[in-house]
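As a plain string of letters, each chain reads:
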There are 2 protein chains.
Amino acid sequence: MFITIAYIGNSNSKLNELERDYIKKINRIGNTLGLKEIVLKKIKNSPKKNITDRKEDEFSRLSNIICRDSFNILLDRKGIQLDSINFSKIILKESSNSKNLIFFIGGSDGVEKKNHKHFDKILSFGDLTWPHKMFRVMLLEQIYRSITIFNNHPYHK
Amino acid sequence: MFITIAYIGNSNSKLNELERDYIKKINRIGNTLGLKEIVLKKIKNSPKKNITDRKEDEFSRLSNIICRDSFNILLDRKGIQLDSINFSKIILKESSNSKNLIFFIGGSDGVEKKNHKHFDKILSFGDLTWPHKMFRVMLLEQIYRSITIFNNHPYHK
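Chemist: For this particular structure, what's the right way to read the pairing of strand β1 (residues 2-8) of chain B?
Modeler: Within a regular strand, the side chains alternate between the two sheet faces. Residues and elements named next belong to chain B. In terms of burial, β1 is a largely internal element, five of the seven residues being buried. Where β1 lies against strand β2 (residues 37-43), seven bridges are found, and the strand directions are parallel. Looking at the pairing, Phe2 lines up with Glu37 of β2. Where β1 lies against strand β4 (residues 101-105), five bridges are found, and the strand directions are parallel. Bridge pairing in β4 links Ile3 to Leu101.

Next comes the structure, spelled out in structure tokens:
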């Protein structure tokens, strides 16, 4: 099983270090649920000035990564909100189905509702708005936490 | 107006740097809403082994900071969930009332529901569980974002 985080946007050096730490930690303990590797896949943001065109262009860039053999999860404020235990259950379920997981983080304008149907699930981390760079670290934290829940590790109690 | 973040717990060097960055940025732009300074106040966690005793002890340590002349906000998963615009409205309202704001972040076991009545408001950042160190940065991010919303700065659009 592979986990991919496909995101529109760019990077920030301080958060990059945190990202790398989480990736290392996830790769170290993920073998218990058959995780081979977690990969970050950066997708260039659209240069289009018009917001509707930009959203469509960025969705089209993301949708190139959608894979029918994988489980495709879009992170979007309008999605279903889960707690960490139920978030971990999704990862566990797909790993036991031997499916690869792809998480999608849209650009700063998000993904149009009409395009949500292309994903297998839409999940929300709550109503607040987060910087994209921080959101990636937050997602990595929940993936790491999920594996510790599965491993019955005291990190999540 | 002063903003205090009172928290139970300890620190992490990488996140400390992010914290310092946000504090600098908030202090730089906060004068538009009369913010004099934002201060982090660390409160030592309880050494008690029993979870009920520890929660009560940590609540008692936090409650020493509660100030009747200030607006006291507890961050708790069971609180009201707001989006960033409505979160900023709370800061704006209290700053226009010339009240100091105190945000409280409990220990890893949280604050008992029966003690919620001692706070003026209970706010939630969603259903997911976060590491305490990361949560402080997330709170600073939302305070910074609130000021950019008030300043009509393009950071939040």
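Chemist: How do you make sense of the interface of chain A and chain B when you look at a structure like this?
Modeler: It is common to give the size of an interface as the accessible area lost on bringing the parts into contact. The interface of chain A with chain B comprises 20 residues on the first partner and 20 residues on the second. Among the elements of the structure, α1 (13-29), α3 (84-96) and α4 (132-150) of chain A are those that each provide at least two residues to the side of chain A that touches chain B. If you tally residues by element for the side of chain A that touches chain B, the top one is α4(A), at four residues. Across the side of chain A that touches chain B, the residue classes break down as eight nonpolar, six polar and six charged.

Basis of the calculations
- Residue numbers restart at each chain and count upward from 1, following the sequence in its written direction.
- Here chains are named by letter from A upward and ligands by number from 1 upward, in the order in which they appear as written.
- Local features in this predicted model are restricted to residues whose pLDDT is 70 or higher, and side-chain atom pairs enter the listing and the counts only when it is 80 or higher, whereas totals over whole chains, interfaces and linings include all residues.
- Buried residues are those with 20 or more other C-beta atoms within 10 Å of their own C-beta, exposed residues have 12 or fewer, and partly exposed residues lie in between; C-beta atoms are placed from the backbone.
- Each helix is a run of DSSP H or I of at least 4 residues and each strand a run of E of at least 2, with the numbering of both proceeding from the N terminus.
- Here the rule is simple: two strands pair whenever DSSP picks up at least two bridges between them.
- Remark: residues whose backbone-derived C-beta atoms lie within 7 Å of one another are considered to be in contact.
- Gly is put with the polar residues, along with every residue not named as nonpolar or charged; the nonpolar set is Ala, Val, Leu, Ile, Met, Phe, Trp, Tyr, Cys and Pro, and the charged set is Asp, Glu, Lys and Arg.

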